[in-house]
Amino acid sequence: MALAITVSSVTMGARLLHLQRTLVPGFRKTKMGFNYSNPVQIGRSVEAQARKLVIRAARSHSQGVSLGFRAPSFQLPEPLTGNVWKLEDFESYPALLVMFICNHCPFVKHLKKDFVKLANFYMKKGLAVVAISSNSVATHPQDGPQFMAEEAKQLKYPFPYLFDESQDVAQDFGAVCTPEFFLFKKDGRRPFELVYHGQFDDSRPSNNVPVTGRDLSLAIDCVLSGQPVPSVQKPSVGCSIKWHPETNV
């Protein structure tokens, strides 16, 4: 049996795999235990694999937060140093970039070195930057604090990389995916207000578009120069935040 698999996007970015089957006689049993001479067995086996792929390919995009939204308070630990950071620690800065990221997501891996370049460049100009990981370690232990510290050290993150174990901060911000960017500006004593909630740029894993950071950089330039940020903003696309599994009481 020969299989052709096509992928299409659906609501919330999840992907469905459509299986188109053509019978080809004479195949032997494979390493995965499929007997190609049995259409029922191969169909069920591949469908089971397809269900797994749907989960692995799940993706989401930023949504549901209005510009002008005030930055929620937070108090989170930084696994690398053991320090605890609060929103008030950034009060003296004219702008604050909050990035929801993680270790394992391919969308984050695609951009993480460029996060460092962008942060190094704009932090010298007065931008405050903080990254937060809210993924459940119950389902994704590779996103836990020990590995976060290793990641921050290896990539020389110039910003604190904080662990939101309860996931309360992600919910307060309305974050749903990684990476997701919240750019706030501050006028005098007024609270930080959201001016940009969009993508890094048009580059995605495997779409062959160069990483430039154009969209986010333009927004930061506008904030730091006192110019209005364009209201038309493309949502960030990435892996869905991995929420804690529900437990039966």
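Note that the coordinates shown come from a computational prediction; the quantities given were computed from them, not determined experimentally.

Novice: Can you tell me about the pattern of salt bridges, naming the residues and giving the values?
Specialist: The full count for this structure, using the stated rule, is eight salt bridges. Ionic pairing is found between D187 and K185, a salt bridge with its closest N-O pair at 3.8 Å. Salt bridges sharing partners connect three or more residues here, namely D202, R214, D215 and K234.

Novice: Please give an account of helix α3 (residues 145-155) that cites residues and values.
Specialist: All of the buried residues along α3 are M148, A149, E151, A152 and L155. When α3 is viewed along its axis, its buried side chains cluster within an angular range of 160° and face the same direction. Residues of α3 that are exposed and angled more than 90 degrees away from the buried face: Q146, K153 and Q154. Elements that come into contact with the buried residues of α3 comprise α2 (106-123), β7 (127-133) and β8 (161-163).

Novice: Can you explain the side chain of S236? Please cite residues and give values.
Specialist: Along the polypeptide, S236 turns up in the loop between α5 (214-224) and β12 (237-240). Using a relative accessible area of 2% as the deciding quantity, one classes S236 as buried.

Novice: Break down the state of the cysteines for me, citing the residues and quoting the values.
Specialist: Inspection of the entire model under this criterion finds one disulfide. One disulfide in the model links C105 with C239; its S-S distance is 2.2 Å. An S-S torsion of about 90° defines the bridge between C105 and C239 as right-handed. Of this pair, C105 sits in the loop between β6 (95-100) and α2 while C239 is found in strand β12, placing the two residues 134 residues apart along the sequence. Not engaged in a disulfide, the cysteine C177 finds its nearest cysteine sulfur in C105; these two sulfurs lie 8.4 Å apart.

Reading the values: the criteria
- Residues numbered from 1 in each chain as written.
- Predicted model: local features only at pLDDT ≥ 70, side-chain atom pairs only at ≥ 80, totals over all residues.
- Heavy atoms only, no water.
- Salt bridge = Lys/Arg side-chain N within 4 Å of Asp/Glu carboxyl O.
- Buried < 20%, exposed > 50% of the residue type's maximum accessible area, 1.4 Å probe, protein only.
- Helix = DSSP H or I, 4+ residues; strand = E, 2+ residues; numbered from the N terminus.
- Arc of directions from axis to C-beta.
- Contact = heavy atoms within 4.5 Å.
- Disulfide = S-S within 2.5 Å.

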